[in-house]
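Spelled out from the first residue to the last, the chains are:
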Amino acid sequence: MSHSGYKKVNIIELNIEKDGDTFTVSFSDGSSKGEYRLSPGFYRNLESGNLEVAGDELGYILFDGERGKVLKEKLKEIKDGKKLIIKVNSDSQEVHSLPFELVRFEITEGKRDFLLKHPDIALVRDVPSVSREKVFTSRVLSANGEKKKILVIISLPFEEFETAPLDLLEEIKLVYSALEEPLRKGIVEVEFEEKANIRNIRRKLRNRTYDIVHFTGHGRAGGYLLFEDEENPQKGKEISLKEFSELFSYKEPELFIFDACETARPDEVNPSLAFEIYRTLIKSNVVATLFPIHDHEAIQGAKAIYKDLADGKPLFEILKDLRISLNNDWWKIVMFTSDPLKVLIEETEVTTEEEKRVLEVGDIDNIIKNYVYRFSLIRETTEKLENSNINHIAFYGIGGAGKTYLLNYLSWFYHGRFENVIYIDLKERGISTVKELIEQFLRILRKHRKVRKEEIRELLEEEDALFLIEDFSDLIHERLEGKTLIILDNLEDIAQEKNGILKKEWNYLIGELTKRKSITLFLSSRLRIYKNERMPLENEIVVSDFTEGEVKLLLRKLLRDERNLEKIKWFIDREPEIERTFGRHPFSIVKLLELMPDNPEIIFEKTEFRVLLDFYIEYLKPFNREVAILLHLPAPFSSAFIEKLSISPDLKELLLRRIFLLKEKNGSYSFEKVVRSYFKKKFPLDGETLKRIKNSVIEIARDEEKLNPDDRINLQFLLLQLTVKTNDEEAGSLLN
C-alpha cells in the first residue's frame with residue numbers, strides 16, 4: 001500500500017504563530033487570518049476535566065470564519081468516502097503544547113462533537129522550518145528496499161518497578177502478535193533492550209541503524225526520560241532531551257514512538273521531547289503524549305500502532321486507529337509528521353522467502369493471565385546471557401515457585417534475540433527418555449519443514465543411544481539457521497537420578513548441545529543438576545518467592561476486570577496472615593486468589609499443592625528428627641547454632657544446595673515460609689526428639705551471650721519446649 005491508495009484524502013493546513021498571549025491562525029497560504037487569545041478559564045477547564053468547553057474554545061480559534069466554512073465543506077465530503085487530515089503547522093513549541101486534539105465543531109447540523117472522535121478524521125502537527133527537508137528525506141528513505149528494523153527500549157529501573165510495576169511481556173506480546181506476518185516474511189526485525197541506559201543504547205547503535213524506535217517507560221515534561229543509572233541499575237536516572245537526541249544524531253530512525261507520559265509537553269524552560277526530536281532529527285516522525293496516560297491504555301495503543309504498521313497503513317491512519325483504540329486517553333496522543341500519507345512498512349520492500357525461523361513457545365495468553373514480569377530473575381538471566389562464555393543456564397527452585405511459567409515467559413521474552421526458540425516441557429509431554437525427546441524435537445522440525453519424514457525414520461533407526469545423540473546434534477546444527485534457544489523444562493525424575501546427577505544419556509545430550517556455539521540451553525529442575533557427584537552445571541539461577549512489586553503487579557492486572565474486585569479485597573484483608581503462612585510463594589498466591597477460602601491453609605489439602613511439595617518427603621525422611629527441629633525454630637538460625645545442636649552438615653547441604661528448601665540471608669538460614677508451614681505438621685517436634693538434643697541446648701544456654709538475637713529466640717523456644725513437653729526442670733530454670 002502506498003500514497004497512491006490515498007487519493008481520497010483532504011488536507012486542511014493551518015499555520016499558527018504566537019506573539020506573547022496572541023495566537024495568529026491562517027490557512028497555509030496566509031489567507032483567512034485571525035488573532036485570538038485563550039480565555040482565563042481554558043487551563044482550568046482542562047485540569048478539571050471539562051474537556052467539552054476546552055474543545056469548543058480550540059474549535060473557535062482554529063475554525064473561525066472562513067476557515068470554518070472550508071471545514072464544513074470538507075466534512076460533507078467525508079460522507080462520500082473521503083478522509084480528512086487537519087495539519088497544524090507552527091515553529092512555536094508553546095503552540096504545540098496546546099491540546100488541539102480536543103477541537104470540537106459542528107460535524108452534523110445542530111450537533112457539536114470532538115472532531116477526532118470521527119473515524120475518518122485525523123490531526124497531525126508539523127514544524128514548517130524543517131518540513132520541506134523532512135518530506136524530501138522521507139520519500140527517499142521509503143524506497144530503500146531493506147528490512148525495517150525496530151528497537152523497543154523498555155526502561156524500568158528496579159526501584160520504579162517495585163513502586164509502579166509493569167508487565168513487559170504484554171508489551172512484547174503486542175509487538176510480536178501484531179507483526180507476526182511481517183516477521184515471518186522477513187520484512188521486519190525486532191530487538192528489545194530492557195537494560196535501558198545510555199551506555200547500552202549507544203552500544204546497540206554502534207553497529208545498527210533502526211527505522212523505528214519505541215521507548216516505553218516514564219517521562220516528564222520538558223524532555224526528560226527515566227533511564228537506568230549505569231552505575232547502579234537498581235536506581236533510575238533522568239536523562240535530558242539533549243542526551244537522548246544526541247544518541248540518534250547520526251542514526252536517525254524514521255519513527256519514534258514515545259510510550260511515556262508528557263513526552264509532548266514542555267516545561268517552563270525546556271521544549272518537549274517530541275518537538276525537539278522532530279525539529280533536530282530531520283528524518284524522524286514522532287508519536288508522543290501530552291499528558292499522563294494509563295498503563296493499560298498505553299499497551300492497547302501500542303498494539304494498534306503495530307497492527308497498522310503491519311497492515312501497511314500510512315501515518316495518519318495509524319494515528320486515527322490509535323485514538324479509536326483508547327478510551328479516556330484518546331486525546332492525549334500527538335503525532336509530528338510532514339508527510340501523514342507516508343507508509344513505513346510495505347510488503348513489496350523485501351522478497352518473500354520461505355519461513356526460516358522455528359518458534360515453538362509457550363501459550364502466551366495463559367502466561368500473561370497467571371504470571372507476572374519477574375524483574376530480578378529476568379535481569380539476572382539477561383546478564384548471564386550477555387556476560388558469560390557458558391551457553392547454558394540452569395533454573396532451580398521449590399515446587400510452585402514458577403519455574404515453568406518463567407521459562408515459558410522467557411521463550412517469548414527472548415523471541416527477538418534468537419532466530420529459533422524451542423520450548424519443551426518433559427513432564428507435560430510425557431517424555432521419559434532421550435530418544436523420546438529427540439522424536440518430539442524432530443516432529444517440531446518437520447512441522448516447520450526443516451526435516452523430511454524419511455530423514456526422521458532413518459535417524460531413529462540408530463540403536464546406539466550415544467550415536468543417535470551425535471547424529472541429532474549434527475542435524476539441528478545443520479538445519480537451524482542462526483542462534484537457537486532450546487528450553488527443557490522439568491528435568492527432575494526424568495533426566496536426573498535422585499541425587500540430582502544427570503543420567504548417562506541425558507548428560508551426553510546436554511554436553512553435545514552445549515558444544516555448539518549457536519545453541520543456548522535453558523534447563524529447569526527442582527533438584528540441582530550435577531554432571532557428576534562433585535560438579536554441578538555452571539550458570540545457575542534460583543527461582544523463589546515473588547517480590548513485593550511482583551505481587552502488586554499481579555493485583556493490578558486483576559484490577560482491570562471489575563469482577564476481580566472481591567478477590568483483591570479478600571487478599572488485602574488477609575495479606576498479613578498469607579505472608580506469615582505462605583510468604584509470597586507464587587503458586588500459593590495464585591491459588592488463594594482463585595479459591596478465596598475462609599481458612600487459607602485449606603489449600604495444603606489440595607492434590608495439586610501436595611504434589612508440588614510431597615516430592616521432597618523422601619529427601620527429608622532420612623533426617624526425620626533433625627528436620628523437625630529446624631522446621632520448628634521460630635527465627636532464622638546460624639550455622640554455628642545448628643552445629644551445636646549436632647545437625648548433620650549433609651542435611652544443611654541438601655536443604656540449601658540440592659533441593660533449595662532453605663534460603664540464606666546475612667549469614668543466617670531459614671526455610672521458605674510455605675515449606676515451613678506445610679511440613680511442620682508432617683515432622684512434629686515431639687518429646688523424644690527434644691530429649692535427644694537436651695544436652696546440646698543446655699550447653700548453648702550456658703554460653704548464651706555469644707549468640708546473635710535470632711539464635712537467642714531459637715534457644716528460648718527450645719528451652720520452653722523442653723520444659724513443657726518433657727517437664728525438664730533444668731531447662732525451665734534457664735528460661736529468661
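Residues numbered from 1 in each chain as written. Predicted model: local features only at pLDDT ≥ 70, side-chain atom pairs only at ≥ 80, totals over all residues. Heavy atoms only, no water.

(A) Molecular detail of unusual backbone geometry. Of note in the backbone geometry, Arg-449 takes a positive phi value of approximately 60° without being a glycine. By the secondary structure assignment, Arg-449 is in the loop between helix H16 (434-447) and helix H17 (453-460). Positive phi, close to 50°, is recorded for Met-596, a residue that is not glycine. Topologically, Met-596 is positioned in the loop between helix H22 (586-595) and helix H23 (607-614). When its relative accessible area of 23% is taken as the criterion, Met-596 is described as partly exposed. (Helix = DSSP H or I, 4+ residues; strand = E, 2+ residues; numbered from the N terminus. Buried < 20%, exposed > 50% of the residue type's maximum accessible area, 1.4 Å probe, protein only.)

(B) Looking closely at the packing of aromatic side chains. This model, assessed by the stated rule, comprises 31 aromatic pairs. Both rings, one in Tyr-36 and one in Tyr-60, keep their centres 5.6 Å apart while their planes meet at 90°; by these two values the pair is edge-to-face. Here Tyr-60 lies in helix H2 (residues 51-62) and Tyr-36 lies in strand S3 (residues 34-36), a separation of 24 residues in the sequence. Residue classification places Tyr-60 among the partly exposed positions, given a relative accessible area of 49%. Seen from their ring centres, Phe-587 and Phe-609 are 5.9 Å apart, and the 50° between their planes marks the pair as tilted. Of this pair, Phe-587 sits in helix H22 while Phe-609 sits in helix H23, and the two are 22 residues apart along the sequence. One aromatic cluster is present, formed by Phe-582, Phe-587, Phe-604, Phe-609, Tyr-678, Phe-679 and Phe-683 through successive ring pairs. (Phe/Tyr/Trp six-rings, centres within 6.5 Å; stacked < 30°, edge-to-face > 60°.)

(C) Spotlight on H23. Regarding H23, the residues found buried are Phe-609, Leu-612 and Leu-613. Axial view of H23: buried residues confined to an arc of 80°, hence all on one face. Looking at H23, the residues exposed on the side facing more than 90 degrees away from the buried face are Thr-607 and Val-611. Where H23 is buried, its residues contact H22, helix H24 (617-620) and helix H28 (673-679). (Arc of directions from axis to C-beta. Contact = heavy atoms within 4.5 Å.)

(D) Structural context of the pairing of strand S15 (residues 285-289). Most of S15 sits inside the fold, with five of its five residues counted as buried. Of the strand pairs in this sheet, strand S14 (residues 255-259) and S15 are connected by three bridges, and their pairing is parallel. What sits directly across from Phe-256, in S15, is Val-286. Following the chain from S14 across helix H10 (residues 273-280) to the adjacent parallel S15, one finds a crossover that is right-handed. Sheet topology note: the S15/strand S16 (residues 333-336) ladder contains four bridges and is antiparallel. (Pairing = 2+ DSSP bridges. Right-handed = clockwise from strand over helix to strand, strands pointing away.)

(E) Here's a closer look at the pattern of salt bridges. Tallied over the entire structure, the rule returns 62 salt bridges. A salt bridge links Asp-573 to Lys-569; its shortest N-O distance comes to 3.1 Å. Of this pair, Asp-573 and Lys-569 both sit in helix H21 (residues 565-582), four residues apart, roughly one helical turn. (Salt bridge = Lys/Arg side-chain N within 4 Å of Asp/Glu carboxyl O.)

(F) A look at the sheet that holds strand S25 (residues 668-671). Taken in spatial order, the three strands line up as S23-S25-S24 in an open sheet, and their pairing is antiparallel. Of all strands in the sheet, those bounded by a partner on one side alone are strand S23 (637-638) and strand S24 (662-665). Pairing of S24 with S25 involves four bridges; the strand directions are antiparallel. Directly across from Leu-662, in S25, lies its bridge partner Phe-671. Relative to the sheet, helix H27 (residues 649-658) contacts S24 and S25, its axis offset from that of S24 by approximately 85°. (Axes fitted to C-alpha atoms, helices over the stretch in contact; angles between N-to-C directions.)

(G) The side chain of Thr-726, seen in detail. Within the element layout of this structure, Thr-726 appears in helix H31 (residues 709-726). Here Thr-726 falls in the buried class, since its relative accessible area comes to 17%. Separated by 2.4 Å, the side chain of Thr-726 and the backbone oxygen of Leu-722 make a polar contact. Filtering out sequence-adjacent residues up to four positions away, Thr-726 remains in contact with Gly-687, Leu-690, Lys-691 and Gln-721. (Polar contact = N/O pair within 3.5 Å; in protein donor to acceptor, adjacent residues only side chain to side chain.)

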